[in-house]
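Each chain, written out:
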Protein chains: 4
Amino acid sequence: MKIEKAVAQRYPQILQLVEQFNMREGQGAVFWEDNVIEELHIVGAEPDKLIWEFKVKEVHCNRLGNLHGGCAATLIDICSSFAVLTNSGKARWNLIGVSTDLSVSYLKGVPAETMIRLECEVQRVGKTLANIFTKVYNDQGQVCYTGSHTKFNIDPKL
Amino acid sequence: MKIEKAVAQRYPQILQLVEQFNMREGQGAVFWEDNVIEELHIVGAEPDKLIWEFKVKEVHCNRLGNLHGGCAATLIDICSSFAVLTNSGKARWNLIGVSTDLSVSYLKGVPAETMIRLECEVQRVGKTLANIFTKVYNDQGQVCYTGSHTKFNIDPKL
Amino acid sequence: MKIEKAVAQRYPQILQLVEQFNMREGQGAVFWEDNVIEELHIVGAEPDKLIWEFKVKEVHCNRLGNLHGGCAATLIDICSSFAVLTNSGKARWNLIGVSTDLSVSYLKGVPAETMIRLECEVQRVGKTLANIFTKVYNDQGQVCYTGSHTKFNIDPKL
Amino acid sequence: MKIEKAVAQRYPQILQLVEQFNMREGQGAVFWEDNVIEELHIVGAEPDKLIWEFKVKEVHCNRLGNLHGGCAATLIDICSSFAVLTNSGKARWNLIGVSTDLSVSYLKGVPAETMIRLECEVQRVGKTLANIFTKVYNDQGQVCYTGSHTKFNIDPKL
């Protein structure tokens, strides 16, 4: 997992999370995220928005040669979870919570070797729940997947 | 991917698909499905219903030690797609189509080493679209995930 | 809103809610629920399951003569919310909470004058969240809509 | 249903649909849409985007005094369906199709007398399926609901 320097400086919490995820790299896949981690790259962030790039490899594809729906769901899950930390509202989460609902729409197949772009837009972060909407674009700027993600805060209460 | 003999006999189309998926096994992960394929086991089938077991390993989990949401989505995607072939209605699909929508609800975390059970219930298979609802149970019979899957027929038209 | 006597006796909390909803009847539509309330009938209940019947009238339909998607969503919302009170688990809610997510799949159109049946199955009621899955059948027993509903507890904390 | 002149001129297909919906007004509620039609106002349109305003009345609310979830779903259904006609892509639909999936997330309650704004963004219109994402804002610019809508083309084939 890579992160642009400007994003790392502006969002130290996101940098920290990236480092945590990278810690296990190089020791063989140990966690599910390790199936996608090497190709994930945070390229931009602003209040309530986090932007990623991901290079689709054959290992992320199904037998039709397109990004597997389960891999798309995995990417949307991970990328939109990190986005919670760009929240500009009052409620602050220290952790990125757990999922309660994830709805993915599949609009267009994405073949291997495509560089996709995931734009995660935070709709709201409340004390208990957060909602993030993600659009996944192919390299021609077409929306290929969308995902609505609802997360539940698991920060320990002081 | 394993399949109970009784299911294989009753649903030769499902057996064929299982064999197709297994063909690549042993050559290292080449497709996304290979991340889960070894632990997948079809244990039962009846008209409009397909039942699977899956042993959750650490590689399927997140850093909290629970089955990753993206892996759960991957399992629901694969298992409910196969279920289309148990359809008792008039419309017959030769292939299992592509996803248009997948909505997953996360009710309860599932730790590594749990044997989970996926019950995929076909709601309807039409000429163009199919709908399958999946419940994922832990080894105490509690529902941990549910998934609504809409699929689009890609059978070549004669 | 009607309720079978056996259900009312077994689930006094549901009876109470029915009476609350009926209180405004006869004074003209004041709340959104009043658009469907007269045709709603609770016909059965068991642990974690609530069953309703509803007679589709022309006022519930779109210009194609079928039950409107927004009316189907309204019915699934209301019926599955009541179902929370059939919960057999440990967590008890006094109120039926508010919605966080509702996903509806539309499988088959339902014309006016059809008596539909809504089967609401409680998947889980936790301290904070509840999940209910609903199937809507036409009078030939075909599934026409399904809905996944996630609710958030708003019981006042003592 | 009202429509700004500039939108009507640019999108005659949308104007025509508005007129069709209004034809029954004044004769008492006959269709489900008539429960919301009077307050719906198309205020802006551009390629792949349609913007509406809607004044929430008490009849649209639940007993907690907030816009009912089923009414929110009804509005998202109707508004995003019209948006299909702003599609800038190659595929052209004459009719607005039927729903296959609608997923609504509820972020924040909206009290009666609020003027809400619905922004419907067309993600893709293909030959068979269309996807529209809708955000519903309150009068302080906060996102209160989001909806992902998948539609199925029912244009008669020539």
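I will try to describe carefully the structure that is included in this document. (Residues numbered from 1 in each chain as written. Chains lettered and ligands numbered in written order. Predicted model: local features only at pLDDT ≥ 70, side-chain atom pairs only at ≥ 80, totals over all residues. Heavy atoms only, no water.)

## A few points about unusual backbone geometry
Thought 1: Despite not being glycine, Asp48(C) has its phi angle at roughly 70°, a positive value.
Thought 2: Phi is positive for Glu113(D), close to 75°, though the residue is something other than glycine.
Thought 3: Mapped onto the elements of the fold, Glu113(D) is located in the loop between β4 (98-106) and β5 (115-125).
Thought 4: Given the relative accessible area of 47%, Glu113(D) is considered partly exposed. (Helix = DSSP H or I, 4+ residues; strand = E, 2+ residues; numbered from the N terminus. Buried < 20%, exposed > 50% of the residue type's maximum accessible area, 1.4 Å probe, protein only.)

## Details of the pattern of salt bridges
Thought 1: Scanning all chains against the criterion turns up 28 salt bridges over all chains.
Thought 2: Salt-bridge contacts for Arg63(B) lead to Asp34(A); the nearest nitrogen and oxygen are separated by 3.9 Å. One end of the pair, Arg63(B), is in the loop between β3 (49-55) and α3 (69-83); the other, Asp34(A), is in the loop between α2 (12-22) and β2 (40-46), on a second chain.
Thought 3: Overall, the relative accessible area of 13% leaves Asp34(A) in the buried class.
Thought 4: One salt bridge connects Arg63(D) with Glu33(C), and the closest N-O pair in it is separated by 3.3 Å. (Salt bridge = Lys/Arg side-chain N within 4 Å of Asp/Glu carboxyl O.)

## Remarks on a positive patch on the surface
Thought 1: Positive charge collects at one region of the surface, where Lys127(A), Lys157(A), Lys127(C) and Lys157(C) lie side by side.
Thought 2: Since its relative accessible area comes to 72%, Lys127(C) is described here as exposed. (Patch = residues over 30% accessible without salt bridge, like charges linked within 9 Å, V, L, I, M, F, W, Y side chains within 5 Å. Areas by Shrake-Rupley, 256 points an atom, 1.4 Å probe, with all protein chains shown as cover. Lys, Arg positive; Asp, Glu negative; His and termini not counted. Charge placed at Lys NZ, Arg CZ, Asp CG, Glu CD.)

## Some thoughts on the interface of chain B and chain A
Thought 1: Across the contact, 36 residues belong to chain B and 36 residues belong to chain A.
Thought 2: Between chain B and chain A, the buried area comes to about 2,900 Å², and carbon and sulfur atoms account for 54% of it.
Thought 3: Run the count over chain B and chain A and you get 4 salt bridges.
Thought 4: Where chain B touches chain A, the interface holds 17 residue pairs in polar contact (both at pLDDT 80 or more).
Thought 5: Every element with two or more residues in the side of chain B that touches chain A is listed here: α2 (12-22), α3 and β4 (98-106) of chain B.
Thought 6: A total of 9 residues in the side of chain B that touches chain A trace back to one element, the largest contributor, which is β4(B).
Thought 7: In terms of residue class, the side of chain B that touches chain A is built from 17 nonpolar, 12 polar and 7 charged.
Thought 8: Across 5 bridges, the pairing between strand β4 (residues 98-106) of chain A and β4(B) is antiparallel. Residue pairing across strands places Asp101(A) opposite Ser105(B), the latter belonging to β4(B). (Contact = heavy atoms within 4.5 Å. Buried area = accessible area lost by both parts, 1.4 Å probe. Polar contact = N/O pair within 3.5 Å; in protein donor to acceptor, adjacent residues only side chain to side chain. Nonpolar A, V, L, I, M, F, W, Y, C, P; charged D, E, K, R; others polar. Pairing = 2+ DSSP bridges.)

## Some thoughts on the pairing of β4(B)
All names here are of chain B.
Thought 1: Counting buried positions along β4 yields 8 of 9 residues, so the element is predominantly enclosed.
Thought 2: Bridge analysis of β4 against strand β7 (residues 143-152) gives 8 bridges, and the strand direction is antiparallel. By the bridge assignment for β7, Leu 102 is matched with His 149.

## Re helix α2 (residues 12-22) of chain D
Two residues of an α-helix separated by three or four positions point the same way, owing to the 3.6 residues in each turn.
Residues and elements named next belong to chain D.
Thought 1: Taken together, the buried positions of α2 are Ile 14, Leu 17, Val 18 and Phe 21. Take α2 and look down its axis: the buried residues cluster within an arc of 100°, on one side only.
Thought 2: Buried residues in α2 make contact with β1 (2-3), β2 (40-46), β3 (49-55) and α3 (69-83). (Arc of directions from axis to C-beta.)

## Let's talk about the packing of aromatic side chains
Thought 1: Across all of its chains, the model carries 16 aromatic pairs over all chains by this definition.
Thought 2: With a centroid separation of 3.2 Å and an interplanar angle of 5°, the aromatic rings of Phe133(A) and Phe133(D) are classed as stacked. Taken together, the residues Phe133(A) in strand β6 (residues 129-137) and Phe133(D) in strand β6 (residues 129-137) connect one chain to another. Note on accessibility: Phe133(A) and Phe133(D) belong to one class, buried.
Thought 3: With a centroid separation of 5.1 Å and an interplanar angle of 65°, the aromatic rings of Phe21(D) and Phe82(D) are classed as edge-to-face. One end of the pair, Phe21(D), is in helix α2; the other, Phe82(D), is in helix α3, and 61 residues separate them in sequence.
Thought 4: What makes Phe21(D) buried here is its relative accessible area of 7%.
Thought 5: You can call Phe82(D) buried: its relative accessible area is 0%.
Thought 6: It is Arg63(B) that lies over the ring of Phe21(A); its NZ or CZ is 4.4 Å from the centre. (Phe/Tyr/Trp six-rings, centres within 6.5 Å; stacked < 30°, edge-to-face > 60°. Lys NZ or Arg CZ within 6 Å of the ring centre and 35° of its normal.)

## Focus on the relation of the copies chain B and chain A
Thought 1: Between chain B and chain A, the superposition needs a rotation of 180° and an axial shift of 0.0 Å, giving an RMSD of 0.0 Å. The symmetry that links the two subunits is that of a two-fold axis. For chain B, the smallest separation between a C-alpha atom and the rotation axis is recorded for Ser103(B), amounting to 2.0 Å.
Thought 2: Most of the interface of chain B is mirrored in chain A, where 100% of its interface residues are also at the interface. (Least-squares fit on C-alpha atoms with pLDDT ≥ 70 in both.)

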